[in-house]
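One letter stands for each residue in the lines below.
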Amino acid sequence: MARRLNMFEKPENLQKNWLREFYQIVHTHKPHFMALHCQEFGGKNYEASMSHVDKFVKELLSSDAMKDYNRARVYLDENYKSQEHFTALGSFYFLHESLKNIYQFDFKAKKYKKVTGKEIYSDTLESTPMLEKEKFPQDYFPECKWSRKGFIRTRWCITDCAFDLVNIHLFHDASNLIAWETSPSVYSGIRHKALGYVLDRIRDQRFEKVSYFVFGDFNFRLDSKSVVETLCTKATMQTIRAADTNEVVKLIFRESDNDRKVMLQLEKKLFDYFNQDVFRDNNGTALLEFDKELSVFKDKLYELDISFPPSYPYSEDCSQGKQYMNTRCPAWCDRILMSHSAKELILKSENDEKIVIYDHIGPNVCMGDHKPVFLSFRIAAGAGKRCPRNEKIFRETTL
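I will try to describe carefully the structure that is included in this document. (Residues numbered from 1 in each chain as written. Predicted model: local features only at pLDDT ≥ 70, side-chain atom pairs only at ≥ 80, totals over all residues. Heavy atoms only, no water.)

Pairing between strand β14 (residues 262–267) and strand β15 (residues 270–273): 4 bridges, direction antiparallel. Of the residues in β15, the one forming a bridge with E267 is L270. Hairpin connection from β14 to β15: 2 residues lie between these consecutive antiparallel strands. (Pairing = 2+ DSSP bridges. Helix = DSSP H or I, 4+ residues; strand = E, 2+ residues; numbered from the N terminus.)

What follows is the structure, given as structure tokens:
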């Protein structure tokens, strides 16, 4: 599951909604191993919001809905005073009591260790050998004075199968106007560079190569130029410039007839299209052709077919669970991707039962500006790369 969490600034309603919908998914799918990846954990105003984080973590670990998960690992990057290292990422892993002999990889000792009990790690995660954490260099995205973008990687061994789970947060679009200028946009190129860096790191020679899942907020956007040209095919464009700098500050697209009705207004942080139904009807399928950023990595990454509407940017008004904000063009920012070898781990059903599910959570409920995205599947027995341990240890391991 991937989710960006900014609900700590408005915890009263958003947290309640979020947890209720999350617990419903747990109840419905009953996962035996569950990974929850969060970005912007604690919200953007960290010092004021971190007080709500502890309550949220305690609720997850002790709630009745999670009572059957007797082991957990929680990794929270709360060290917001360190500009050099802070990523605001949170990675949660829950293990059902029925699972036997689950192991996690120690990157320092280069060996697997059995997972027991519930443990929480926060502040300086750099000293935790059970994960790898990196923040992207500042020069990757110089427009952002203090970027929190980066990734956390953990490695697990379940049913004698080893795999990496990577929590990732890539760079956003700083300006709709700049994103509209070129195809692909300059921001798409920045994300391409950062994601390539992550894939190189998790596939380098330091450790044995295993299957991997990468999930979080990729900030993937639709190809803005193509989207605008398609949405406004029969429109005329008006350019508004700043009087002092002559810089373009607003684009207005009007219908050629129909009393020159305004179809789209575009500013740095405004994407106001007159008909939001195009992003919701049939889960926005008509717009998937403009979702192009992943195509660069088709040889390295695989994604199941998307059958849910764009996950961002939703209104944070609790009375508008389906409404998008008019700040950005709706896009599938939140994704769950995997290596091609990881695809082979997923157990395909031999009958009509739908075992593999890729969907979003809370379609009708306000859960913040991003809708959580989840992937539910079974790992085929004997699939994947075997963990380098004694075979007898795994005889009782089941999912």
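A word on the nonpolar core. Counting 59 residues, the largest nonpolar core has F33, F163, L165 and F271 as the members making the most contacts within it. Not counting residues up to four positions away in its chain, the partners in contact with F33 are Y93, F94, L95, L99, W156, I158, F163 and L165. (Core = buried A, V, L, I, M, F, W, Y, C linked by side-chain atoms within 4.5 Å. Buried < 20%, exposed > 50% of the residue type's maximum accessible area, 1.4 Å probe, protein only. Contact = heavy atoms within 4.5 Å.)

Attention now moves to the sheet that holds strand β13 (residues 248–255). Backbone hydrogen bonds hold the strands of a sheet together, and the pairing may be parallel or antiparallel. Spatially, the 4 strands line up as an open sheet ordered β12-β13-β14-β15, and their pairing is antiparallel. Edge positions in the sheet fall to β12 (235–241) and β15, since each has one partner strand and no second. Taking each pair of neighbouring strands and ignoring which way they run, the sheet shows an average axis angle of 15°. (Axes fitted to C-alpha atoms, helices over the stretch in contact; angles between N-to-C directions.)

Once that is clear, we can look at the state of the cysteines. Considering all chains together, one arrives at 0 disulfides under this definition. Looking at the unpaired C366, the closest cysteine sulfur is the one in C318, lying at 4.4 Å. Here C366 falls in the buried class, since its relative accessible area comes to 2%. (Disulfide = S-S within 2.5 Å.)

Let us look at the pattern of salt bridges. Overall, the coordinates contain 20 salt bridges when judged by the stated rule. Between E21 and R20 there is a salt bridge, with its nearest N and O atoms 3.7 Å apart. The exposure class of E21 is buried, given its relative accessible area of 18%. We classify R20 as partly exposed; its relative accessible area is 40%. In this structure, the salt-bridge partner of D204 is R201, at a minimum N-O distance of 3.7 Å. A residue is classified by how much of its surface remains accessible, and D204, at 18% relative accessible area, is buried. What makes R201 partly exposed here is its relative accessible area of 25%. (Salt bridge = Lys/Arg side-chain N within 4 Å of Asp/Glu carboxyl O.)

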